[in-house]
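# Survey of secondary and tertiary structure
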Amino acid sequence: MKRIAVFCGSSDGASPAYKEGAVQLGKELARQGIALVYGGASVGIMGTVADAVLEAGGQVIGVIPQMLEDREISHRGLTELIVVGSMHERKMKMAELSDGFIALPGGPGTLEEFFEIFTWAQLGLHQKPCGILNVNGYYDLLISFFDHMQDQQFLQEKYRSMALVGTSPAELIEKFNTYIPPSVKTYIKKDQT
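Since the model is a prediction, treat every value here as computed from it, not as a measurement.

Now for the overall build of the protein. Scanning the protein from N- to C-terminus turns up 8 helices and 7 strands. Its C-alpha atoms give the protein a radius of gyration of 17 Å, near enough to 16 Å, the size a compact globule of 193 residues would have. For the protein, the spread of C-alpha atoms along the principal axes amounts to about 55 × 40 × 30 Å. A total of 193 residues make up the protein; the buried ones form 48% of that total. Here the analysis covers contacts within the protein between residues at least 6 apart in sequence; of these, 69% occur between residues at least 24 apart. Carbon together with sulfur atoms contributes 51% to the accessible area of the protein, which is approximately 10000 Å² in total. Each charge class in the protein can be summarised by its mean position, and for the 17 positive and 22 negative side chains these summaries are 6 Å apart.

Turning our eyes to something else, we now look at unusual backbone geometry. Its identity as a non-glycine residue notwithstanding, Asn136 has a phi of 55°, on the positive side. The backbone phi angle of Gln153 is positive, close to 65°, even though this residue is not glycine. Here Gln153 lies in the loop between α6 (140–151) and α7 (157–160). For Gln153, a relative accessible area of 72% corresponds to the exposed category.

Definitions and cut-offs
Residues numbered from 1 in each chain as written. Predicted model: local features only at pLDDT ≥ 70, side-chain atom pairs only at ≥ 80, totals over all residues. Heavy atoms only, no water. Helix = DSSP H or I, 4+ residues; strand = E, 2+ residues; numbered from the N terminus. Rg over C-alpha atoms; globule rule 2.2 N^0.38 Å. Buried < 20%, exposed > 50% of the residue type's maximum accessible area, 1.4 Å probe, protein only. Contact = heavy atoms within 4.5 Å. Areas by Shrake-Rupley, 256 points an atom, 1.4 Å probe, with all protein chains shown as cover. Lys, Arg positive; Asp, Glu negative; His and termini not counted. Charge placed at Lys NZ, Arg CZ, Asp CG, Glu CD.

Structure follows, in structure tokens:
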């Protein structure tokens, strides 16, 4: 792992534990020499994880769409800030730059980013680990819902196992380092001619 993308909230959340979880992840990434790739903002959990990596001497690459750059919410102290044209380009660039993906606490945007990258893995578009850092039990219901999807046969067991979960940054990164993606079948449409 050279770079890990982190999806997370642009607010701090209700519990101080969420900011503390972001700080712990930032410190652990820096300690292990893993660069942070994230959404480029200076606010919320996003700003907290970036600041923690930088304060611990690590590298941070922010990817922000022009519309948010225009609102002056981008982080001005990053190792590198990449400005892109759209939210979709942001996700593509973050995926391109990263060796794995972690969801910290966040709202609908965080979930949308995580589920898109998870779906890309399920389809075989990449074979990078996707993980949830379950800070203070924030994702307990989502983890249960993954199990429910599997029980109801909307998610195969081999794909359910792709959603890695950890309660500490070191534990989750260790799972990333030992991750072996499931074999993914590629369906090729037969030539009808």
